Amino acid sequence: MKAKKGAILALTLCMASQILCACANQSGAASDKIHIGVTYYNQSDTFLNGLLEGFRQELETLKKDDLELTMTVRDAAGSQRTQNDQVKELIDAGCSVLCVNLVDRAEPSEIIDLARDNDVPIIFFNREPVAEDLMQWEKLYYVGAYAEQSGIMQGELAAEAIQSDDTIDRNKDGKIQYVVLEGEAGHQDAIIRTENAVDTLKNSGIELEKLSYQIANWNRAQAQNRMEQLVSQYHDEIELVLANNDDMALGAIDAYKKLNYTESTLPVFFGIDGTDVGLQAIVDDDMWGSVYNDKEGQAEAMAKLAVAVITGDGMNELDFEKERCIYLSYSKVTRENVEDYIKYSGEGAAE
Ligand code: BGC
Ligand code: CA
């Protein structure tokens, strides 16, 4: 009798473990294939194209025999409505996780509702939703960087330049006449970068005279256009150009080149991002410095998070702040260390 009971118990255990195995296999099979849907605000953005290239490479390195990773990328072409449709289409196409670079960072609700209804987690990146929106559902994440930090670093770089080179104050009036080229209104990286850069300069004891602020929407051609207008207005009065990103600093440099300005009447230019073209401008001595926006780090965090939210593996290796946000640090790029950054960004590309 006792023996029979034992046999039944063994059989039951065996069946239970078979069921367990079947479940494990099933979840294993589900996490074997991760299809990632990406949509970003505009395909002409230099920084984001670099970031997404890094993301693609990062996914390659995470692929394993039992882990298939695929991705589909959509360009929202500056329209939130288009992006909402793309999210729907990506979910319908079977994406298990979404990476969303919002067109309008204040309008994520429709996307969040779609994702929640279909239980598809979202990793927002680069364009940060407000905290209340991220609280709408526990499967919403953000990967980016702290805007204040980039502004402070840009201000420090400009202060170091001005303090070490008295020819920057060309008219010798003890003040630095400056203009700012700003990114899109409403973007967390526009106004916050400007405010922090200017405050840092002032706190370093530098006297400033603001000549003008112009919005150029992160865009090189728009920045060139704005800068040509500014130069026609202020001629060689401008001593410093603070741009919210490298592309706009490069656009400003393009304007001066087009107008045939000579070295002695050029202002100093500062950008943010350290894009490949930005780093090259530092090597060429066209741009004094930039602040590295760690696209490789952001791409890595996004890729690991995309895998972790589906498989559950690697979640505790990620460095979360505010529960579900990951912020990569900025760092300063100058003529002295630019080669290190060229190597860092090139290593990603070579992999
Ligand atoms: C980058 C810009 C970019 C923008 C796009 C910023 O963080 O510095 O270069 O155009 O993000 O959202
Ligand atoms: Ca001056």
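Not measured: the values here are computed from a predicted model.

What to know about the site of ligand 1
Consideration 1: Close to ligand 1 lie 13 residues, the nearest being D45, N126, H187, D189 and D273.
Consideration 2: H187 has a polar side-chain atom sitting 2.8 Å from an oxygen atom of ligand 1.
Consideration 3: At 2.9 Å from an oxygen atom of ligand 1 is found a side-chain nitrogen or oxygen belonging to N245.
Consideration 4: Elements supplying a minimum of two residues to the shell around ligand 1: α2 (46-62) and α7 (188-203).

Focus: the nonpolar core
Consideration 1: Of all hydrophobic cores here, the largest spans 64 residues; its most connected members are I36, F55, I123, F125, M227 and I238.
Consideration 2: When residues of this core are assigned to their parent elements, the largest contribution, 9 residues, is made by helix α11 (residues 295-311).
Consideration 3: Among residues more than four places away in sequence, those in contact with I123 are V97, L98, C99, V100, Y141, V143, M302, L305 and A306.
Consideration 4: Judged by nonpolar contacts, the second largest core, of 23 residues, contains L157, V180, L208 and L242.

A closer look at the pairing of strand β3 (residues 97-100)
Consideration 1: Here β3 shows two buried faces, one formed by V97 and C99 and the other by L98 and V100.
Consideration 2: When strand β1 (residues 33-40) meets β3, the two strands line up parallel, connected through 4 bridges. Paired with G37 across the strands is L98, a residue of β3.
Consideration 3: As defined by bridge partners, β3 adjoins strand β4 (residues 122-125) across 3 bridges and the pair is classed as parallel. Counterpart to V100 in the pairing with β4 is F124.
Consideration 4: Crossover connection from β3 via helix α4 (residues 109-117) to parallel β4: handedness right-handed.

Criteria and cut-off values
- Residue positions are given per chain, counted from 1 along the sequence in the order it is written.
- Note on labels: chains are lettered from A, ligands numbered from 1, in written order.
- Local features in this predicted model are restricted to residues whose pLDDT is 70 or higher, and side-chain atom pairs enter the listing and the counts only when it is 80 or higher, whereas totals over whole chains, interfaces and linings include all residues.
- Values shown for side chains rest on all heavy atoms present in the structure; no hydrogens or waters enter the calculation.
- Consider each residue's heavy atoms; a residue with any of them within 4 Å of a molecule or strand counts as near.
- Polar contact is defined as a pair of N or O atoms within 3.5 Å, subject to the rule that within protein one atom must be able to donate a hydrogen and the other to accept it, and that residues adjacent in sequence are counted only when both atoms are side-chain atoms.
- To qualify as a helix, a DSSP run of H or I must reach at least 4 residues; to qualify as a strand, a run of E must reach at least 2; elements of each kind are numbered from the N terminus.
- Among buried residues, those of type Ala, Val, Leu, Ile, Met, Phe, Trp, Tyr and Cys that are joined through side-chain atoms within 4.5 Å constitute a nonpolar core.
- Throughout this description, buried means an accessible area under 20% of the type-specific maximum (1.4 Å probe, protein chains only), exposed means over 50%, and partly exposed covers the range between.
- Should any heavy atoms of two residues lie within 4.5 Å, those residues are counted as being in contact.
- Strand pairing is defined by DSSP finding a minimum of two bridges between the two strands.
- Crossovers are marked right-handed if the path from the first strand over the helix to the second runs clockwise, as seen with the strands pointing away from the viewer.

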